[in-house]
Amino acid sequence: MYQGRTESPYMEGIYLDHLLPLAEYDKIIILFSGGKDSLACALDLLERGVPREKNELWHHDIDGGNLTRRMDWPVTQEYVQAVSEYLGMTLRVSWRVNGFWGEVYRIGASWPIQYVEPDTGEVKECRLSERQIRTAQLRKKNLNKAEREELESMGHRMKFPAKSGSLSTRWCSSILKIEVAEAAIRNIEKLAKDVKILIISGERRQESAGRAKYNEMEIHRTNATQKANRLVHQWRSVIDWPEEKVWEIIKRHHIAPHPCYSAGWNRCSCMMCIFSLPSHWAGIRELFPERFAEVEEDERTLGFTLDNKKTLAEYTGEAESCVCHDDPKAIYQLQSGEFSVEDVEKQVWTMPAGAFHGAKGGPC
Ligand code: SF4
């Protein structure tokens with residue numbers, strides 16, 4: 001059995017050799033991308049008898065309310081909403097304002113982080129830094145030269161995330177997911193202090209050499225037992241599960257997986273993940289030609305390619321599309337973005353076409 005990492009002072013500091021009994025956590029947060037592994041985490045908790053009202057599914061909207069440009073599947077928001085309703089679990093959506101494309105083209109400080117209060121539907125904003133406040137003031141103005149320089153000095157992205165293992169250059173995972181979750185935990189009143197939180201995420205060792213070395217459990221970065229009496233543990237509850245076990249639990253609960261799997265994709269979020277293989281991009285070119293063309297246009301505007309060496313057209317080349325047409329309903333759902341709670345239960349459950357094609361092509 002994998003013992004967990006303690007090779008550096010940092011890793012030693014977050015090392016955790018056991019969780020509390022699940023009943024002792026006040027809130028269990030499942031990071032729910034809409035993909036199969038995070039769905040398996042939610043179903044596993046139900047099978048362990050954790051009361052539904054203790055669980056919250058947290059979904060980070062990669063597009064951050066950006067209505068003009070999308071990075072993610074148009075159907076993902078409706079899918080996560082429908083599944084959470086079907087499972088009787090609260091869904092909390094959070095995002096970085098303007099999402100992936102806002103960050104690609106960002107000049108100035110980082111965009112604010114917002115989240116929805118599930119009980120009221122109210123959108124709340126996490127506390128802003130001084131740089132974010134100043135950036136917001138400047139963005140409203142017609143800038144003179146000095147102000148433009150001031151804005152630029154607070155941040156200048158203007159590039160795609162790098163296809164790299166490092167989170168500082170592959171910024172999408174940290175800016176749009178990790179930092180969003182952390183800010184929400186620190187800002188949501190009932191999670192801020194005097195609370196025990198368990199965060200569950202769906203990484204599996206089988207997916208990559210990097211993930212093979214992840215701890216199953218550890219102390220989360222938002223843990224603040226001294227300052228706020230807030231205990232936060234993280235548990236990768238399916239880390240040792242093979243893919244078979246993931247599909248088995250989804251089948252056992254008769255849940256329709258995200259339609260991208262039935263349409264032939266082997267992995268789910270984001271739709272246009274930077275790690276997508278040429279066959280995935282050929283699938284995007286087939287089903288979402290306007291999205292594909294927009295990214296080609298971005299490459300020209302930014303003067304950078306999404307791949308480290310090739311343009312998107314060169315990288316995709318004549319690759320065969322990953323799209324499988326055996327399930328026209330799934331393709332319709334993917335393209336239209338329509339998915340309702342009635343679509344969740346699948347009594348006649350069949351293995352989706354994308355299953356068992358490995359974890360290549362993302363996600364993070
Ligand atoms: S799924 Fe891909 S594009 Fe999306 S955040 Fe992760 S690495 Fe970035």
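Just so it is clear, the structure is predicted and the values come from calculations on it, not from any experiment.

1. As for the pairing of strand β2 (residues 55-60)
In terms of burial, β2 is a largely internal element, six of the six residues being buried. Going residue by residue along β2, you find Asn55, Leu57 and His59 tucked away on one face and Glu56, Trp58 and His60 tucked away on the opposite face as well. Both strand β1 (residues 27-31) and β2 contribute to a ladder of four bridges, which runs parallel. For isoleucine 30, the partnering residue across the bridge sits in β2 and is leucine 57. Handedness of the crossover joining β1 and β2 through helix α2 (residues 36-47): right-handed. Where β2 and strand β3 (residues 90-96) come together, five bridges link them in parallel fashion. Pairing of histidine 59 across the sheet is with valine 93, part of β3. Handedness of the crossover joining β2 and β3 through helix α3 (residues 76-87) is recorded here as right-handed.

2. Description of unusual backbone geometry
Despite not being glycine, methionine 158 shows a phi value in the positive range, around 50°. Of the residues examined, methionine 158 reaches a relative accessible area of 23% and is grouped as partly exposed.

3. So, the nonpolar core
Ranked by size, the top nonpolar core spans 81 residues in total, and within it Leu39, Trp73, Leu87, Phe100, Ile250, Trp265 and Leu334 carry the most contacts. Excluding anything up to four places from it in sequence, leucine 39 contacts Phe32, Tyr79, Val83, Leu87, Ile250 and Ile255. Judged by nonpolar contacts, the second largest core, of 15 residues, contains Trp58, Cys126, Val180 and Ile188.

4. Quick look at the layout of surface pockets
In this approach the atoms are scanned with a rolling probe the size of a water molecule, which exposes any empty space left behind. Approximately 170 Å³ is the volume found for the second largest pocket. Lining the second largest pocket are 13 residues, and of these Ala256, Lys329, Gln333, Asp343 and Lys346 lie nearest its centre. Sorting the residues of the lining of the second largest pocket by element identifies α12 (259-262) and α16 (328-336) as the ones contributing at least two each. Considered class by class, the residues forming the lining of the second largest pocket number five nonpolar, two polar and six charged.

5. Considerations on empty space enclosed by the protein
Taken as a whole, this structure holds two cavities of 30 Å³ or more when the rule is applied. A volume near 30 Å³ is recorded for the second largest cavity. In this structure, the second largest cavity is lined by Lys163, Ile274, Trp281, Glu299, Leu306, Asp307, Lys310, Thr311, Leu312 and Tyr315. Residue composition of the lining of the second largest cavity, by class: five nonpolar, one polar and four charged.

6. Observations concerning the packing of helix α5 (residues 130-139) against helix α6 (residues 145-153)
Angle between the axes and distance between the axes: these two values describe a pair of packed helices. Put simply, α5 and α6 touch, their axes get as near as 10 Å, and they point 145° apart. Every pair of crossing elements has a handedness; the one defined by α5 and α6 is left-handed. For the pair α5 and α6, contact is made by Arg131, Arg134, Thr135 and Leu138 and by Glu147, Glu150, Leu151 and Ser153, respectively. When grouped by side-chain class, the residues that make up the contact of α5 with α6 number two nonpolar, two polar and four charged.

7. Regarding helix α13 (residues 278-287)
Every buried residue of α13 is accounted for by His280, Trp281, Ala282, Gly283, Ile284 and Leu287. Its buried side turned inward, α13 meets α14 (289-302), α15 (312-316) and α16.

8. So, the packing of α2 against helix α11 (residues 243-252)
α11 packs onto α2 with a crossing angle of 60° between their chain directions and a minimal axis gap of 9 Å. In terms of axis orientation, α2 runs oblique to α11. When the axes of α2 and α11 are compared, the crossing they make is left-handed. The residues of α11 that touch α2, namely those facing Lys36, Asp37, Leu39, Ala40, Leu43, Asp44 and Glu47, are Glu243, Val246, Trp247, Ile249, Ile250 and Arg252. Tallied by class, residues from the contact of α2 with α11 come to seven nonpolar, no polar and six charged.

9. Looking at the packing of aromatic side chains
Taken as a whole and judged by the stated rule, the model has nine aromatic pairs. Relative to phenylalanine 160, the ring of tryptophan 101 has its centre 6.3 Å away and its plane inclined at 85°; by these criteria the two rings are edge-to-face. With tryptophan 101 in helix α4 (residues 99-104) and phenylalanine 160 in the loop between α6 and α7 (171-187), the pair connects residues that are 59 residues apart, well separated along the chain. These aromatic residues form a ring-pair network of at least three members: Phe100, Trp101, Phe160 and Trp171. Its end group placed over the ring of phenylalanine 292, arginine 285 keeps NZ or CZ at 5.3 Å from the ring centre.

10. A closer look at the sheet that holds strand β7 (residues 217-219)
In a beta sheet, neighbouring strands pair by backbone hydrogen bonds and run either parallel or antiparallel. Pairing within the open sheet is mixed, and its eight strands lie in the order β5-β4-β3-β2-β1-β6-β8-β7. The sheet terminates laterally at β5 (123-125) and β7, the two strands that pair on one side only. Taking each pair of neighbouring strands and ignoring which way they run, the sheet shows an average axis angle of 25°. Here strand β4 (residues 113-116) runs beside β5; their pairing, made up of three bridges, is antiparallel. Within β5, the residue paired with tyrosine 115 across the bridge is lysine 124. In this fold α2 packs onto β1, β2, β6 (195-200) and β8 (230-235), with an angle of close to 150° to the strand it touches most, β1.

Criteria and cut-off values
Residues numbered from 1 in each chain as written. Predicted model: local features only at pLDDT ≥ 70, side-chain atom pairs only at ≥ 80, totals over all residues. Heavy atoms only, no water. Buried < 20%, exposed > 50% of the residue type's maximum accessible area, 1.4 Å probe, protein only. Helix = DSSP H or I, 4+ residues; strand = E, 2+ residues; numbered from the N terminus. Pairing = 2+ DSSP bridges. Right-handed = clockwise from strand over helix to strand, strands pointing away. Core = buried A, V, L, I, M, F, W, Y, C linked by side-chain atoms within 4.5 Å. Contact = heavy atoms within 4.5 Å. 1 Å grid on protein atoms, 1.4 Å probe; cavity = no way out; pocket = protein on both sides within 12 Å on 5 of 7 lines; lining within 4 Å. Points joined across faces, edges and corners; volume = space filled by probe spheres on them. Nonpolar A, V, L, I, M, F, W, Y, C, P; charged D, E, K, R; others polar. Axes fitted to C-alpha atoms, helices over the stretch in contact; angles between N-to-C directions. Left-handed = near helix turned anticlockwise from the far one by under 90°. Parallel < 35°, antiparallel > 145°, perpendicular 65-115°, else oblique. Phe/Tyr/Trp six-rings, centres within 6.5 Å; stacked < 30°, edge-to-face > 60°. Lys NZ or Arg CZ within 6 Å of the ring centre and 35° of its normal.

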